[in-house]
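These are the residues of each chain, in order.
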Amino acid sequence: ASAENWQTRSIYQLVTDRFATSDGSAPPCDTGERKYCNGTWQGVINQLSYIQDMGFDAIWISPVVANLEGDTGDGEAYHGYWAVDQNTLNSHFGTDGDLQLLAETLHQRGMYLMLDVVVNHMAADTLPPNYASFTPFDNQSDFHPFCWITDYNNQTNVEQCWLGDTNVPLVDNNTEDDDIVEFFNDWIKNLVNMYNADGVRIDTVKHIRKDFWPAFVAAAGVFSIGEVLSGDVQYVANYTGYVDSVLDYPTYYPLVRAFNGTSGNLTELAETVKQSQKAYRLGEFMTGSFLENADNPRFQSFETDQALVKNAMTWPFIQDGIPILYYGQEQGYTGGNDPYNREALWLSGYVMDKPLVIHVRTLNAARKAAIDASSDYLNTAVEFASVSESSLAVVKSPMLTLLTNGGSGSTPAWSVADANYSAGEALIDVLTCDEFKADKNGGVSVQGENGMPKVVLPVSVFNSTYCNHLL
Ligand code: ABC
Ligand code: CA
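Note that the structure is predicted; figures quoted are calculated from it, not measured. (Residues numbered from 1 in each chain as written. Chains lettered and ligands numbered in written order. Predicted model: local features only at pLDDT ≥ 70, side-chain atom pairs only at ≥ 80, totals over all residues. Heavy atoms only, no water.)

S.K.: Would you mind going over the overall build of the protein with me for this structure?
M.R.: In terms of helices and strands, the protein carries 14 helices and 22 strands. Scaling as 2.2 N^0.38, a compact globule of 471 residues should have a C-alpha radius of gyration of about 23 Å, and the protein matches this with 22 Å. Its C-alpha atoms give the protein principal-axis dimensions of roughly 75 × 45 × 40 Å. Each of the 471 residues in the protein was classed as buried or not, and the buried ones make up 60%. When the accessible surface of the protein is split by element, carbon and sulfur atoms take 46% of a total near 17100 Å². Separation of charge centres in the protein, based on 25 positive and 59 negative side chains, amounts to 7 Å. (Helix = DSSP H or I, 4+ residues; strand = E, 2+ residues; numbered from the N terminus. Rg over C-alpha atoms; globule rule 2.2 N^0.38 Å. Buried < 20%, exposed > 50% of the residue type's maximum accessible area, 1.4 Å probe, protein only. Areas by Shrake-Rupley, 256 points an atom, 1.4 Å probe, with all protein chains shown as cover. Lys, Arg positive; Asp, Glu negative; His and termini not counted. Charge placed at Lys NZ, Arg CZ, Asp CG, Glu CD.)

Below is the structure:
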């Protein structure tokens, strides 16, 4: 599928080993141990309605190829980022047929499959590595000479030295070598075709020279979203001409700061978005927006006030890019840094009537309604109608989102002079299903309760039968 196809989508990110088991059993899983817990692709197939019922129409699964086996000083390779054989699947997660069936089942449901791919490195459990253990290229000369990345301000160091640590050095592929480049271009083409993938999430993009990427992305032939792990808008912007889209890391950090406690700064969030809209090749439209992922502590590991949680969770669904929700957030998981943020989802029981599950489902429904209501919605850049440190009004017509970091005890109020509605237009806050009217200038003045955000749409575009189903 193309970038345009993906723009309408909403992505559920999962770690295959931790999402669901083949037989629906719920084995214990101690995240601190960093061991395989038995999640599989067949498990994902079994639980697709859980994902789809929340309104997601795409999944991003963790990397699929064969990894280091056995325990290392950094645990087992349950996350999938430690490849040793590019040509074989990781048998812990199932067979070729299982992965193909996952794609087929997704497509029958009208959903997309995104594969996570790692081109930057292979992984070893000794230093120096045993190069002969890698497939297919197994010579020392196929890799950059050993050096750790030590200077993130030196791009050559970032691109040609190694990630990882002495337990598991991430042996840096020599992506300056034509044969290696050619191998990976063929590899991605075959992988996408073989498993009918609709898109790829590309790992460690900033660790390979920029001009490697266009041919790789073209060979993939489907939408690509790159991980450029940096909070710097300009640094990330430099990659927006080389891959289709980027994960919105620069907005992630101010987003977390804005809603972590009641003294965060919503102005910083708005300013970062405005800078990104200017700096990126396609504004903020071709980004993937998230509040949590597998590499950062979950939001509720540091902030559990449910009003703040719900405000923060709202952001990815109302901004210009593609929303991404990391599995477990909807169940209120609280794991801290890697490895604690990779809890087994089966321990939650996949319960559908929890407040955050309903919150997510409502946000997906609101975004879908806005997309269906206006052909311009996806290409309308968000504007900030009123901004302060503690409240924010985000206009993306026909949607108006009102955020606050006052917290549960607060009674927020927003006043937006012109929210692009017609005089007296009938409006609904989809989060509460409360109805009210725009004023005679198309503006909105409302009060909230308990520090909750509001996501506003015209009654005419939001099917209110949704509200019956909420009750
Ligand atoms: C393992 C263990 C952990 C242990 C760790 C040392 O080793 O599991 O318990 O703590 C995979 C696994 C991990 C594993 C690693 C290393 O491999 O998932 O569990 O950790 O073996 C991607 C993936 C990630 C994956 C890999 C490796 C890469 O999303 O899941 O990890 O294939 C760098 C890379 C980035 C990478 C990330 C983990 O490391 O750039 O691609 N993610 C700064 C640097 C970043 C750096 C980041 C974290 O620190 O600039 O380049 O990311 O080290 C902002 C700044 C940023 C700054 C951040 C922290 O703050 O603007 O520049 O990022 O404000
Ligand atoms: Ca590299």
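S.K.: What is the right way to read the site of ligand 1 from this model?
M.R.: Neighbouring ligand 1 are 23 residues; Lys206, His207, Glu227, Asp295 and Asp338 lie closest to it. Arg34 has a polar side-chain atom sitting 2.7 Å from an oxygen atom of ligand 1. At 2.3 Å, a side-chain N or O of Asp295 approaches an oxygen atom of ligand 1. For ligand 1, whose accessible area on its own is 1100 Å², the fraction buried by protein is 68%. (Near = heavy atom within 4 Å. Polar contact = N/O pair within 3.5 Å; in protein donor to acceptor, adjacent residues only side chain to side chain.)

S.K.: Just checking my understanding: could you explain the packing of aromatic side chains for this structure?
M.R.: Geometrically, a pair of aromatic rings is defined through the distance of the ring centres and the angle of the planes. This model, assessed by the stated rule, comprises 31 aromatic pairs. Seen from their ring centres, Tyr131 and Phe143 are 5.4 Å apart, and the 40° between their planes marks the pair as tilted. One end of the pair, Tyr131, is in the loop between β6 (121–123) and α6 (155–160); the other, Phe143, is in the loop between β6 and α6, and twelve residues separate them in sequence. Using a relative accessible area of 4% as the deciding quantity, one classes Phe143 as buried. Between Phe299 and Phe302 the ring centres are 5.3 Å apart and the planes differ by 70°, which places this aromatic pair in the edge-to-face class. Through pairs of rings, three or more aromatic residues link up here, namely Tyr131, Phe134, Phe137, Phe143, Phe183, Phe184 and Trp187. Between the NZ or CZ atom of Lys396 and the centre of the ring of Tyr377, over which it lies, the distance is 5.0 Å. (Phe/Tyr/Trp six-rings, centres within 6.5 Å; stacked < 30°, edge-to-face > 60°. Lys NZ or Arg CZ within 6 Å of the ring centre and 35° of its normal.)

S.K.: Looking at this structure, how should I read the coordination of the calcium ion (ligand 2)?
M.R.: Each pair of donors in an ideal octahedron of six around a metal sits at 90 or 180 degrees, and each pair in an ideal tetrahedron of four sits at 109.5 degrees. Around the calcium ion (ligand 2), the donor atoms from the protein are Asn120 (OD1), Glu159 (O), Asp172 (OD), Asp172 (OD) and His207 (O), and they sit 2.3 to 2.6 Å away. Mapped onto the sequence, the donors of the calcium ion (ligand 2) take the spacing N-x38-E-x12-D-x34-H. With Asn120 in the loop between β5 (112–117) and β6 and Glu159 in helix α6, the pair connects residues that are 39 residues apart, well separated along the chain. Each member of the pair Asn120 and Glu159 is classed as buried. (Donors = N, O, S within 2.8 Å, 3.2 Å for Na, K, Ca; no water.)

S.K.: I keep staring at the state of the cysteines and nothing clicks. Help me out?
M.R.: One way to say it: the disulfide is the covalent bond shared by the sulfur atoms of two cysteines. Following the criterion strictly, the structure yields three disulfides and no others. The disulfide that involves Cys29 links it to Cys37, with 2.1 Å between the sulfurs. With the S-S bond torsion at 80°, the cross-link from Cys29 to Cys37 turns out right-handed. Take Cys29: its relative accessible area is 12%, and that puts it in the buried class. A disulfide bridge connects Cys433 with Cys467, and the sulfur atoms are separated by 1.8 Å. With the S-S bond torsion at -85°, the cross-link from Cys433 to Cys467 turns out left-handed. (Disulfide = S-S within 2.5 Å.)

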